[in-house]
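One-letter residues, chain by chain:
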Amino acid sequence: RSDHPISRQNIDPDALKVLYRLRQFNYTAYLVGGSVRDLLLGRTPKDFDIGTSAHPYQVKRLFRNCWIIGRRFRLAHVKFGSKVIEVATFRRQVPAGTEEEPAAVVPVPAPPGDALDDSDLLIHHDNTFGTPEEDAFRRDFTLNAFFYDIGTFSIIDYVGGLEDIRAGLIRCI
């Protein structure tokens, strides 16, 4: 905690609510990406995104104010008025050439009480759930692959983004 300037006072209170609720139900949940970078640099983030081990419909069960979006990869949008906290399940990169092409696009069954219908289709072959480390390695730049753990007040950096920020580098992963 003493090695970085991030304070929960600078994190959106609604993002904190989402993080704490996910943790309360034993899911791994981190503030992720550009918001962590901006907080490290003393800037005000434009939005706060969360990465979690919870799958989208598990997130939906925890929040009445949650909508599931996306056909290619499901994301949970937890809405607080006009503000949206985006919650994504950790993903892993599928190496080129190892994807399995589906025989057909598979309809995604709607969970009980959800407003999805049979026309809602999901592409499965190139989006696979993963670990936080695997998720970090599929991001674009090292300075966008940070995770902030509100439980330990620590920054998790799998790809050397902290060194790149100190050196003034923008480096692709």
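Residues numbered from 1 in each chain as written. Predicted model: local features only at pLDDT ≥ 70, side-chain atom pairs only at ≥ 80, totals over all residues. Heavy atoms only, no water.

## What about the packing of aromatic side chains?
The condition that has to hold: Classification of ring pairs uses Phe, Tyr and Trp, with its six-membered ring standing for Trp, and accepts pairs whose centres are within 6.5 Å; under 30 degrees between planes counts as stacked, over 60 as edge-to-face, and the remaining range as tilted. Going along the chain from the N terminus, every DSSP run of H or I of four or more residues is numbered as a helix, and every run of E of two or more is numbered as a strand. Using a 1.4 Å probe on the protein chains alone, a residue whose accessible area is under 20% of its type maximum counts as buried, one over 50% counts as exposed, and one in between counts as partly exposed. Working rule: Lys NZ or Arg CZ, within 6 Å of ring centre, within 35 degrees of ring normal, means a charge sits over the ring.
Inspection of every chain in the model, using the stated rule, returns five aromatic pairs. Arranged with centres 6.1 Å apart and planes meeting at 45 degrees, the rings of Tyr30 and Phe90 form a pair that is tilted. In this pair, Tyr30 is assigned in strand S1 (residues 29-32) and Phe90 in the loop between strand S5 (83-89) and strand S6 (91-92), connecting sequence segments 60 residues apart. Note on accessibility: Tyr30 and Phe90 belong to one class, buried. Ring geometry for Phe73 and Phe129: centres 5.6 Å apart, planes at 70 degrees, overall edge-to-face. With Phe73 in the loop between strand S3 (66-69) and strand S4 (75-80) and Phe129 in strand S9 (residues 128-129), this residue pair connects regions lying 56 residues apart in the sequence. Following the ring pairs from residue to residue traces out a cluster consisting of Tyr30, Phe90, Phe147 and Tyr158. A cation over an aromatic ring shows up here: Arg91 above the ring of Phe73, its NZ or CZ 4.1 Å from the ring centre.

## Let's talk about the pairing of strand S2 (residues 49-52)
Condition: The pairing criterion for strands is at least two bridges between them, as found by DSSP.
The pairing of S1 with S2 spans four bridges and is antiparallel. Looking at S2, one finds that Ala29 is bridged to Thr52. Both S2 and S5 contribute to a ladder of four bridges, which runs parallel. The residue bridging Asp49 from the neighbouring strand is Glu86, located in S5.

## A word on the pattern of salt bridges
Quick note on the threshold: The working definition used for a salt bridge is a side-chain nitrogen of Lys or Arg within 4 Å of a carboxyl oxygen of Asp or Glu.
Summed over all chains, the structure comprises eight salt bridges. We note a salt bridge from Lys83 to Asp14, for which the minimum N-O separation is 2.5 Å. One end of the pair, Lys83, is in strand S5; the other, Asp14, is in helix H1 (residues 13-24), with 69 residues separating them in the sequence. A salt bridge links Asp164 to Arg171, with the shortest nitrogen-to-oxygen separation between them at 2.9 Å. The class for Asp164 is buried, based on a relative accessible area of 5%. Look at Arg171 and you get partly exposed, because its relative accessible area is 37%. Salt bridges here are not isolated pairs; linked through shared partners, they connect Asp12, Asp14, Lys17 and Lys83.

## Brief notes about the nonpolar core
Test applied: Here the nonpolar core consists of buried residues drawn from Ala, Val, Leu, Ile, Met, Phe, Trp, Tyr and Cys, with membership extended through side-chain atoms lying within 4.5 Å. Residues are treated as being in contact if the distance between any of their heavy atoms lies within 4.5 Å.
Residues Ile11, Leu22, Val59, Val87 and Tyr148 are the most contacted members of the largest nonpolar core, which totals 31 residues. For this core, the secondary-structure elements that each account for two or more residues are H1, S1, helix H2 (34-40), helix H3 (56-62), S3, S4, S5 and strand S10 (146-149). Per-element tally for this core: the top contributor is H1, with five residues. When residues no more than four places from it in sequence are discounted, the contact partners of Ile11 are Ile6, Leu16, Leu31, Leu39, Phe48 and Tyr148.

## Description of the confidence of the model for the protein chain
Where we set the bar: Per-residue confidence from the predictor is reported as pLDDT, a score between 0 and 100.
Residues with a pLDDT of 70 or more make up 80% of the protein chain, whose mean pLDDT is 85. Note that pLDDT drops below 50 for residues 101-110; the model gives that stretch 16 contacts with residues more than four away or on any other chain.

## Here we look at the sheet that holds S4
Test applied: Helix axes are fitted to C-alpha atoms over the stretch in contact, other axes to C-alpha atoms as well, and angles between N-to-C directions run from 0 to 180 degrees.
The sheet built from seven strands is open, its strands ordered S3-S4-S5-S2-S1-S10-S11 with mixed pairing. In the strand order of this sheet, the two ends are held by S3 and strand S11 (154-157), each with one partner. The mean angle between the axes of side-by-side strands here comes to 30 degrees, regardless of whether they run parallel or antiparallel. Lying over the sheet, H1 contacts S1, S2, S4, S5 and S10, oriented at roughly 35 degrees with respect to S5.

## Some remarks on the side chain of Thr52
The line we're drawing: Side-chain atoms alone can form a polar contact between residues adjacent in sequence; in general such a contact is a pair of N or O atoms within 3.5 Å, and within protein one must be able to donate a hydrogen while the other accepts it.
Mapping Thr52 onto the fold places it in strand S2. Here Ala54 takes part through its backbone nitrogen, which lies 3.0 Å from a polar atom of the side chain of Thr52. Those residues in contact with Thr52 that lie beyond four places of it in its chain are Leu22, Tyr27, Thr28, Ala29, Val59, Val87, Ala88, Thr89 and Phe90.

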